[in-house]
Amino acid sequence: MWKKPMDVETLLRDRDIYFIPKGNDFVIRCLNPHHEDKNPSMRVHQITGIFNCFSCEYKGNLFHHFGEKANYLQQRRILFKTKIIQKRSESVGLSFPQNSLPYIGNWRNIKPETYKKFEAFQHSGIDYIGRINFPIRDISDKIVAFQGRHTADGRPKYKFTPPGIKLPFFPVVKTIKGSIILVEGIFDMINLHDKGLTNTVCCFGTKNYSETKLALLRAQGIENINIFFDGDEAGQKAAEALTTTCEKVGLITQNIYFKNTDPGALTQPSIDKLKEKLYG
Ligand SMILES: [Zn+2]
């Protein structure tokens, strides 16, 4: 029987496999039946479906694994297109997708003016639909990527366009001096900005930093980082690792910890209290 060729995302959805986009890959639970994988440790390339478990080293191709037909011609086309977009984003920057509209709502009680400040937009294209989208600008103000957050239960929750791009800390530190608050996700950052902590910067994932990136902050006049990751075990472990790297480049850190909550969920009174505690 002829089978319609599939793409990786549709295949994962059809099989009800939970996935998180990371760079060029999706991260899923290992497909090896002999590996009881509690924390997802398998990476699947978003376009080719080639997978690799970095814990047990189980390898393969998603399409073969599930007996599905892959469209290699289409894969090559998408790989090529993605490369072009990545190159453009690195050199001249991206433009807003055509016919995008400013987002004017107040989803999650974030004020419309805060959405406006971060240039939130909506668009009906496949990469943006159902999401609140933001341009991610680098130090020269060039758009290097877009990030969209699903407002319903859609998956994946966050989507980057183009995938696999290197993301700066955001927003880029230009006018802030002295002290920043570093959070993981864009909505953590936006929530704190919305409620008065406008020196908050997000790193797009607790491992998305390097000594160079941190040394650059130091060179830009930042002396002190208040690390505010999620209040769960994973978040706190990541905060510890980041502290070590910060110390290497001469940045003073302080850890902000709220048990079982994350910066994106903090209310105005809690943020007022935090502001008072940090900056008097
Ligand atoms: Zn495995």
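Residues numbered from 1 in each chain as written. Predicted model: local features only at pLDDT ≥ 70, side-chain atom pairs only at ≥ 80, totals over all residues.

### Things to note about the pairing of strand β4 (residues 50-53)
Phase 1 of the analysis: Burial along β4 is one-sided: F51 and C53 are buried, and none of I50 and N52, which face the opposite way, are.
Phase 2 of the analysis: Pairing of strand β3 (residues 42-45) with β4 involves 3 bridges; the strand directions are antiparallel. When the bridges of β4 are listed, M42 appears paired with C53.
Phase 3 of the analysis: Two successive antiparallel strands, β3 and β4, enclose a turn made up of 4 residues, where G49 displays a positive phi of approximately 80 degrees. (Buried ≥ 20, exposed ≤ 12 C-beta atoms within 10 Å, placed from the backbone. Helix = DSSP H or I, 4+ residues; strand = E, 2+ residues; numbered from the N terminus. Pairing = 2+ DSSP bridges.)

### As for the nonpolar core
Phase 1 of the analysis: Core analysis: the largest hydrophobic core is formed by 41 residues, its most contacted members being L182 and C202.
Phase 2 of the analysis: Counting residues per element, the ones that place at least two in this core are β8 (131-137), β9 (143-150), β11 (178-183), α5 (186-194), β12 (200-202), α6 (211-219), β13 (222-227) and α7 (233-248).
Phase 3 of the analysis: For this core, the element with the most residues is α5, which contributes 5 residues.
Phase 4 of the analysis: Taken domain by domain, this core gets at least three of its residues from each of domain 2 (93-161) and domain 3 (178-279).
Phase 5 of the analysis: Among residues more than four places away in sequence, those in contact with C202 are F170, V183, E184, G185, I186, D188 and M189. (Core = buried A, V, L, I, M, F, W, Y, C linked by C-beta atoms within 7 Å. Domains from an automatic or database assignment. Contact = placed C-beta atoms within 7 Å.)

### Things to note about the domain arrangement of the protein chain
When the parts of a complex come together, some accessible area is lost, and that lost area is often taken as the interface size.
Phase 1 of the analysis: Here the protein chain is partitioned into domain 1 (8-70), domain 2 (93-161) and domain 3 (178-279).
Phase 2 of the analysis: The C-alpha centroid of domain 3 is placed 22 Å from the C-alpha centroid of domain 2.
Phase 3 of the analysis: Each partner contributes to the interface: domain 2 provides 7 residues, whereas domain 3 provides 6 residues.
Phase 4 of the analysis: When its residues are assigned to classes, the side of domain 2 that touches domain 3 shows 3 nonpolar, 2 polar and 2 charged. (Nonpolar A, V, L, I, M, F, W, Y, C, P; charged D, E, K, R; others polar.)

### Regarding unusual backbone geometry
Phase 1 of the analysis: With an omega of -10 degrees, the peptide bond between T161 and P162 qualifies as cis.
Phase 2 of the analysis: With respect to the element layout, P162 can be found in the loop between β10 (158-161) and β11.
Phase 3 of the analysis: In this structure, the amide linkage connecting F170 to the following residue, P171, adopts the cis form with an omega of -5 degrees.
Phase 4 of the analysis: Tracing the backbone through its elements, the reader meets P171 in the loop between β10 and β11.

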